[in-house]
Amino acid sequence: MNIRLPLFLTVYLSAACLPITAQPTISEFLAENNANITDQDGEHSDWIEIHNPLAESINLLGWSLTDDPEKLNQWIFPEINLPANGYLIVFASGKDRRNPEEELHTNFSLSSDGEYLALVSPVDNNVVTEFDFAQQYEDISYGSSITTTTAVIVAERASAKWLVPSAPVDGWTAAEFDDTQWQDGSTGFGYDLSGDYAPYISANGNVQAQMSNLNGSLYLRIPFDISDPETIASMQLSMRFDDGFIVWINGNQVASSRAPETPLWNSEALNFHADTEAVIREQFNTSAGIPSLVAGKNILAIQGLNWGIDSSDFLILPELQAAIADPDAPGSQGYLLQPTPGTLNGESVSGFVKDTKFSVKRGHYDSAITVAISTETEGASIRYTTNGSSPSDSIGTLYTGPITLNETTVLRAIAFKEGFQPTNIDTQTYLFAADIKNQSEMDRDIVTDPEYASTIEDDLSGNLPIMSLVLDEALFFGPNGTHTNYERSGRGAEIPVSVEFFNPLDPTDEFQIDAGIRIHGGNARSHPKKPFRLYFRGEYGDKRLKHPLFDGSPVESFDQLILRGGGHDSWSLAATFGRDQQEDLPPHGTLMRDQFLRKTEVEMGILSPRGRYTHLYINGSYWGIYDLHERANAAFFESHLGGNEEDYDVLHHPTFFGEDYTVVDGNQTAWEEARAIISGGVNNLAQYEAIQEYIDLDDYIDHLIVRMWSADYDWVGPVFRSGANVT
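It should be emphasised that the depicted structure is a prediction, and the values quoted were computed from it without experimental measurement. (Residues numbered from 1 in each chain as written. Predicted model: local features only at pLDDT ≥ 70, side-chain atom pairs only at ≥ 80, totals over all residues. Heavy atoms only, no water.)

On to the packing of aromatic side chains. For the coordinates displayed, the defined rule picks out 33 aromatic pairs. Here Phe29 and Tyr142 contribute two aromatic rings whose centre-to-centre distance is 5.8 Å and whose plane-to-plane angle is 35 degrees, an arrangement assigned as tilted. Of the two residues, Phe29 is situated in strand β2 (residues 25-30) and Tyr142 in strand β12 (residues 141-144); the sequence distance between them amounts to 113 residues. Take Tyr142: its relative accessible area is 16%, and that puts it in the buried class. With 5.1 Å between their ring centres and 90 degrees between their planes, Phe245 and Phe284 make a pair best called edge-to-face. Within this pair, whereas Phe245 is found in strand β19 (residues 244-249), its partner Phe284 is found in strand β21 (residues 282-285), the two being separated by 39 residues in sequence. Judged on exposure class, the residue Phe245 and its partner Phe284 are both buried. An aromatic cluster is defined as three or more aromatic residues linked by ring pairs; in this entry it consists of Phe29, Phe131, Phe133, Tyr137, Tyr142, Tyr335 and Phe352. Directly above the ring of Phe420 sits Lys417, whose terminal nitrogen or CZ lies 4.8 Å from the centroid. (Phe/Tyr/Trp six-rings, centres within 6.5 Å; stacked < 30°, edge-to-face > 60°. Helix = DSSP H or I, 4+ residues; strand = E, 2+ residues; numbered from the N terminus. Buried < 20%, exposed > 50% of the residue type's maximum accessible area, 1.4 Å probe, protein only. Lys NZ or Arg CZ within 6 Å of the ring centre and 35° of its normal.)

Dropping the structure here:
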């Protein structure tokens with residue numbers, strides 16, 4: 001978000017905790033801006049929000065801001081009017097800019113370690129608002145809070161007007177558009193030849209006759225009432241959809257998915273949305289529509305998009321929620337977890353509970369241990385779980401004293417205190433090889449074999465690093481879980497996971513990070529030992545994993561990692577997807593090929609993802625040896641080759657049937673241009689030079705040498721030409 005105008009002219013009710021007087025106030029400030037709004041120079045400068053709570057405008061000429069109680073007139077406002085109930089953002093950048101027609105910048109910046117901040121009236125240098133604030137945190141603002149309640153303003157099965165257009169319809173997203181000639185219905189709308197969407201399509205919402213083989217677009221207009229737009233603090237859309245959509249509020253576009261930038265009356269979705277994902281509500285922030293709201297009737301307009309007019313199914317089922325401020329409820333001053341520059345503030349917290357500490361480190365143990373959990377925040381309580389579920393202030397066992405463990409346990413804890421932001425969930429995995437070998441998933445033929453029985457405990461605990469994944473059992477293994485519905489892809493298939501890594505051979509080689517997890521791969525998704533993909537995002541904690549994970553690699557920061565279970569190079573490819581007394585393992589099931597070939601490529605000087613083997617546990621259960629390696633996406637190429645992620649197009653083999661390939665990052669334009677050159681034949685020097693604009697032939701040849709030399713059938717074959725196998 002790039003804010004260039006000095007004034008926010010949107011109007012909101014005052015909900016400051018201070019008494020309303022005939023003067024403006026500092027309603028919010030951000031002293032550690034890393035990812036919030038930028039100034040006109042593209043920099044994340046600190047900022048201060050001034051709010052005029054009155055029903056009339058006020059001129060700020062002569063008013064001042066200061067971070068020094070001895071210099072009350074440190075930075076003086078120019079002549080600028082702050083509208084009634086309006087907001088003004090002043091960047092605390094030290095750039096000292098006072099042109100009222102442009103952004104305002106103070107001649108000081110704010111210290112995240114804490115300092116003084118005040119707004120001073122020109123009348124007798126009266127300090128109107130002042131803070132002697134404590135430590136501030138990255139992208140968390142401080143200021144006056146309000147109390148909000150969440151309300152559904154457009155429910156599922158809401159009344160709607162709908163049309164499958166046969167030509168352009170001007171102005172149909174606007175509130176004042178006349179839709180009396182459109183058909184009546186109620187959400188959701190769609191059709192499904194298989195009947196899977198039947199629970200989500202309303203009795204009068206089947207549009208198969210109007211859309212199938214005729215048009216990929218459906219227009220919807222859903223009315224909703226707002227009594228007082230000034231009390232709306234935020235809005236969020238929950239959508240079940242197949243395959244894409246665009247949403248407007250009173251003609252203002254606020255959200256979209258899989259939609260073209262410039263939609264036409266017969267536009268289609270840019271990609272499909274898997275059926276298993278389509279029925280799961282996906283959340284979209286629609287607060288950009290707040291300035292468009294009016295008292296009384298408003299219109300939520302939706303263009304539903306199908307992926308092809310011959311698609312077998314289609315679904316659009318929205319729900320719109322709003323956070324509504326209560327101006328009569330008592331507010332307070334505190335930390336605002338979601339900064340709101342230029343708009344109504346949300347609820348605040350008084351502080352942050354200090355992180356929990358465990359007296360015993362994660363790892364392997366061969367005798368009972370006693371674990372104490374603590375926090376430095378006085379008056380805070382702790383709850384913990386041992387089954388992988390997430391504890392909260394109401395879920396889990398209340399901690400009253402040290403916990404004795406003598407078997408494999410995943411210990412998760414959270415500390416909380418009323419009025420404070422609770423800690424994140426800390427996770428520690430304690431492994432006992434003596435009971436791991438007796439877990440029900442362990443193969444008794446292996447565990448009891450004389451050749452392995454005497455060493456298996458050491459084999460589990462002393463030779464490879466450990467990766468422990470801890471996640472919600474229902475979200476992963478439940479009927480609607482990610483692992484159960486392995487064909488799902490996209491964000492709807494991603495769930496939170498705690499990732500622990502520790503190396504019994506090197507105590508410094510360890511980390512814990514919260515991340516997201518999905519099923520990875522194509523055909524291997526259906527294998528019992530599935531591959532996984534880990535995503536490191538700011539919404540879970542750290543935006544990237546920073547750890548020297550791979551020996552000899554110059555890259556120590558990752559946005560994604562792959563956990564490969566062997567796939568076509570392991571027991572998973574046996575005839576019955578498991579051990580068979582007659583066939584036993586498939587002859588190629590070495591669990592080495594993929595890692596060996598990538599390592600060979602690296603040692604030849606070819607760029608290839610690096611990896612290492614690890615013992616994998618999920619919620620304390622042993623899942624076997626996995627190959628942990630980099631994912632070849634745009635971030636991978638940026639890290640190894642330089643430039644920016646936007647410089648790279650990354651494509652790989654098709655993930656699902658019906659695809660020619662999967663676009664991982666960027667787009668397919670250059671790839672299709674290269675394919676066009678190849679399809680015409682490379683028969684002369686000009687064509688040979690043309691293809692080299694797209695393909696590094698020497699690098700391509702080196703990759704082929706490795707794969708052909710190794711007979712890597714899954715990578716280079718079978719290849720057919722003119723109907724003949726020429727692998």
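Still more to cover.
Attention now goes to the pairing of β2. Along β2, six of the six residues are buried, which leaves the element largely enclosed by surrounding structure. Pairing between β2 and strand β3 (residues 46-51): five bridges, direction antiparallel. Residue pairing across strands places Thr25 opposite His51, the latter belonging to β3. (Pairing = 2+ DSSP bridges.)

With that settled, consider the sheet that holds strand β10 (residues 116-120). Taken together, four strands build an open sheet; the order of strands is β6-β5-β10-β11 and the sheet is antiparallel. Edge positions in the open sheet fall to β6 (75-76) and β11 (127-132), since each of these has one partner strand only. Pairing analysis gives three bridges linking strand β5 (residues 64-66) to β10, with the strands arranged antiparallel. In the strand pairing of β10, Ser64 is matched with Val120.

What follows deals with the environment of Gln181. Looking at where Gln181 falls in the secondary structure, it is placed in the loop between β14 (159-163) and β15 (183-186). Assessed through its relative accessible area of 74%, Gln181 is described here as exposed. As for Gln181 and Leu163, which are separated by 18 residues in sequence, their C-alpha atoms are 9.2 Å apart.

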